[in-house]
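Examining the three-dimensional arrangement
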Amino acid sequence: MILLDGKKTANDIKDEIAIEVSTLIANDRKKPHLAAILVGKNGASETYVNAKVKACKKVGFSSTLVCLDEKVPESELLAEIEKINVNKDIDGLIVQLPLPNHIDEMKVTQAISPNKDVDGFHPENIGRMVLNLPTYLPATPSGIIELISRYNIKTSGKHCVVIGRSHIVGSPISILMSRNNHIGNCTVTLTHSRSKNLKQITKTADILIVALGKAGFVTRDMIKDGVCIIDVGISRVESSVTKSGWKLLGDVDFDQVKDKCSFITPVPGGVGPMTIAMLLQNTLISAKRDIY
Ligand code: NAD
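In what follows, the accompanying structure is described.

About the cut-offs
- Residues numbered from 1 in each chain as written.
- Predicted model: local features only at pLDDT ≥ 70, side-chain atom pairs only at ≥ 80, totals over all residues.
- Heavy atoms only, no water.
- Helix = DSSP H or I, 4+ residues; strand = E, 2+ residues; numbered from the N terminus.
- Rg over C-alpha atoms; globule rule 2.2 N^0.38 Å.
- Contact = heavy atoms within 4.5 Å.
- Pairing = 2+ DSSP bridges.
- Axes fitted to C-alpha atoms, helices over the stretch in contact; angles between N-to-C directions.
- 1 Å grid on protein atoms, 1.4 Å probe; cavity = no way out; pocket = protein on both sides within 12 Å on 5 of 7 lines; lining within 4 Å.
- Points joined across faces, edges and corners; volume = space filled by probe spheres on them.
- Nonpolar A, V, L, I, M, F, W, Y, C, P; charged D, E, K, R; others polar.

A word on the overall build of the protein
- A tally of regular secondary structure across the protein gives 10 helices and 11 strands.
- The globule rule puts the C-alpha radius of gyration for 292 residues at 19 Å, and the 19 Å found for the protein is close to it.
- Based on the C-alpha atoms only, the size of the protein along its principal axes is roughly 55 × 40 × 35 Å.
- Across the protein, the fraction of contacts at a sequence separation of at least 24, relative to all contacts at a separation of at least 6, is 71%.

Take a look at the structure:
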């Protein structure tokens, strides 16, 4: 079994980005600049946003963090987005999800200018992805593709089973794995909460991508020998052995399945760090005006 080390791979990507930033600056170009908007006080969201700001510093980007009150009217949030849309110094904008219930997430997603949508969630960028046109790929699926590519895992003609059909992971990764690309050309089965006979399907997977948010959901009896497993899930569960009183678990029972796999991502240290690296990559692409 080979462990897909997302932490190391993400650090390699960050080092490559930092070199590109130095080149931009040496050519009298400005530093790439990422802006993030955080609404309310959600512990997990704050952790994610802070990690993104820290990563910007590490690669030499500028960053701006706008924190808005939990009760901010939707119109005010949209006005903040528009301010950033027209700010020529800012290359990329993300609005940390989830948002409070009174705010329409889809409206917010669509308010971000497609040329600054480095999360790749805007319908225009999703459309470009489906058509295999240059675009900002959503960060988590893009991180999965990058990890598969850097470990030289063969995908062409393989059966890829995806569990979960969210807009940010399951649905886009199923499209990317089926595209006619170097990493792609899989026969893809997208499964979800209404899928029947899931075990029969997962047992036929050469590549299994799991993103449903249920700790330890995939067990040994659900996979075949030699499968490559990408575990996207992150659940915080209570633990009596850690100082903090909790630990992070993936959607796959790692200890049960590890000796049956060809490749597997750990949690933490697998897909998570790759997501941030790809967000930085998209911001660099935007700063270089490579797409728009
Ligand atoms: P989600 O919570 O929006 O949706 C879950 C999906 O799982 C749904 O499509 C649902 O149909 C499916 N599902 C639920 N129960 C199922 C079952 N019994 N069998 C088959 N399918 C079932 O999904 P999400 O936002 O993609 O998040 C999934 C997990 O991935 C979460 O743990 C989340 O924290 C994690 N995540 C990690 C990263 C990262 O960077 N590593 C990024 C995004 C999400």
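Now, onward.
Here we look at the sheet that holds strand S2 (residues 33-39)
- Reading across the sheet, the three strands line up as S3-S2-S4 and stay open at both edges, with parallel pairing between neighbours. Pairing within the sheet leaves two strands with one partner each, and these edge strands are strand S3 (62-68) and strand S4 (92-95). Taken over all neighbouring pairs, the strand axes of this sheet differ in orientation by 15° on average, direction set aside.
- Summarising the sheet, S2 and S4 pair through four bridges and their orientation is parallel. Each bridged residue has a counterpart across the sheet, and for isoleucine 37 the counterpart in S4 is valine 95.
- Across the sheet, helix H2 (residues 43-59) is in contact with S2, S3 and S4; its angle to S3 comes to roughly 160°.

Notes on empty space enclosed by the protein
- Scanning all chains against the criterion turns up two cavities of 30 Å³ or more.
- Every residue lining the largest cavity is listed: Val95, Leu97, Val108, Thr109, Ile112, Asp117, Asp119 and Phe121.
- Here the residues of the lining of the largest cavity are counted per class, giving five nonpolar, one polar and two charged.
- Looking at the second largest cavity, its volume works out to about 40 Å³.
- In this structure, the second largest cavity is lined by Leu34, Ala35, Ala36, Val49, Lys52, Val53, Cys56, Ser63 and Thr64.
- Looking at the lining of the second largest cavity, the elements with two or more residues in it are S2, H2 and S3.
- Top contributing element to the lining of the second largest cavity by residue count: H2, with four residues.
- Each residue belonging to the lining of the second largest cavity can be placed in one class, and the counts come to six nonpolar, two polar and one charged.

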